[in-house]
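# Structure assessment
This is what each chain is made of:
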Amino acid sequence: MKDLVMVLMKRVAMMAVLASVALAVPALAADLPRDGEMRKLSLSAERKPVAPAEFHDPAGLPTTLSAQRGKVVLLNLWATWCVPCREEMPALDRLQAQRGSKDFEVVAVAQDRGGRAKVEKFLAEIGASRIAPYVDVSMKSGRAWGAIGLPTTILIDREGREVGRLVGEAAWDSPDALALIDALIREKTKTAGK
């Protein structure tokens, strides 16, 4: 019981830190539209590189987010046992169908001790055919990326830096989410034209 109280106290402290960081939004993020539900996305005070945590790709091989360098990435941490994750996954699948390209990818990393077979079965059951089954049975990647609960979604720019994060489920295929993602994808054009 004492350990549970300590874990909860640490999570509350982490949430307070994240809330204070969200108040210091840089000019860098000012151009990104955050309407509707996307207002829940806490923008990073400064875009810093995402931790080089290891997880397993769809072939079962170790990988990191560096394999996605050059793309905007919506990194989603989830688990098969997580009810909000189950509700959110179809929207992530539709987002991948609509925007998945050389410029954008949904990387949904299951933080699940059940392993690849359980993750693949879950994705098949809900009809999520466009989400690649990335898995981390150790759940070390979630800790490295600072996840305090599931689902946690981290929006990452082309250079592998965190733009912002949202803890909890969201409609990632909504017009507001698409506008945010499209604006981040267009940043390539802005920097290439300068």
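Residues numbered from 1 in each chain as written. Predicted model: local features only at pLDDT ≥ 70, side-chain atom pairs only at ≥ 80, totals over all residues. Heavy atoms only, no water.

## Topic: the overall build of the protein chain
Basically, it comes down to this: Only runs of H or I of at least four residues qualify as helices and only runs of E of at least two qualify as strands under DSSP, and these elements are numbered from the N terminus. The cut-offs for exposure are 20% and 50% of the maximum accessible area for each residue type, with area from a 1.4 Å probe on protein chains only; residues under the lower value are buried, those over the upper are exposed, and the others partly exposed. For every accessible area listed, the method is Shrake-Rupley and the probe measures 1.4 Å; residues are considered covered only by the protein chains on display.
Counting secondary structure elements, the protein chain contains six helices and eight strands. Going from the N terminus to the C terminus, the protein chain shows its helices and strands as α-α-β-β-β-β-α-β-α-β-α-β-β-α. The 194 residues of the protein chain split such that 44% are buried. Entry remark: accessible area of the protein chain is about 10000 Å², with carbon and sulfur atoms responsible for 59%.

## Side note on the pairing of strand β4 (residues 72–78)
Rules: Strands pair, by our definition, only if DSSP identifies at least two bridges between them. By convention, orient the strands away from the viewer: a clockwise path from the first strand over the helix to the second makes the crossover right-handed.
Among the seven residues of β4, seven are classified as buried, and the element is accordingly described as predominantly covered. Burial along β4 is two-sided: Val 72, Leu 74, Asn 76 and Trp 78 facing one way and Val 73, Leu 75 and Leu 77 facing the other are all buried. Relative to strand β5 (residues 104–110), β4 runs parallel, the two sharing seven bridges. Of the residues in β5, the one forming a bridge with Leu 74 is Val 106. In this region the chain leaves β4, passes through helix α3 (residues 83–99) and returns to the parallel neighbour β5; the handedness of that crossover is right-handed. Here β4 runs beside strand β7 (residues 152–156); their pairing, made up of five bridges, is antiparallel. Looking across to β7, one finds that Leu 74 is bridged to Leu 155.

## Concerning the state of the cysteines
Covalent bonding between the sulfur atoms of two cysteines defines a disulfide. Just so we agree on the cut-off: Cysteine sulfur atoms that come within 2.5 Å of each other are treated as a disulfide pair.
Overall, the coordinates contain one disulfide when judged by the stated rule. Linked covalently through their sulfurs, Cys 82 and Cys 85 form a disulfide whose S-S length is 2.4 Å. Disulfide Cys 82-Cys 85: the torsion about the S-S bond is 75°, which places it as right-handed. Take Cys 82: its relative accessible area is 3%, and that puts it in the buried class.

## Digging into the packing of aromatic side chains
When we look at a pair of aromatic rings, we describe it by the centre distance and by the angle of the planes. The criterion, for reference: Paired rings are identified among Phe, Tyr and Trp, the last through its six-membered ring, by centres lying within 6.5 Å, and are further divided according to the angle between planes into stacked (under 30 degrees), edge-to-face (over 60) and tilted (the rest).
The full count for this structure, using the stated rule, is three aromatic pairs. Centroid distance Trp 78 to Phe 122: 5.1 Å. Interplanar angle 35°. Geometry classified as tilted. Of the two residues, Trp 78 sits in strand β4 while Phe 122 sits in helix α4 (residues 115–125), which places them 44 residues apart along the sequence. With a relative accessible area of 1%, Trp 78 lands in the buried category. Grouped by ring-pair contacts, the aromatic residues Phe 55, Tyr 134 and Trp 145 constitute a single cluster.

## Let's talk about the pattern of salt bridges
The test is simple: For this document, the term salt bridge refers to a Lys or Arg side-chain nitrogen within 4 Å of an Asp or Glu carboxyl oxygen.
Tallied over the entire structure, the rule returns 13 salt bridges. In this structure, Glu 37 and Lys 40 form a salt bridge, with 3.3 Å as the shortest nitrogen-oxygen distance. Glu 37 sits in the partly exposed class, given a relative accessible area of 28%. Measuring nitrogen to oxygen at the nearest pair gives 3.9 Å for the salt bridge that ties Arg 161 to Glu 159. The class for Arg 161 is partly exposed, based on a relative accessible area of 22%. One salt-bridge network, in which partners are shared between bridges, spans Arg 47, Asp 157, Glu 159, Arg 161 and Glu 187.

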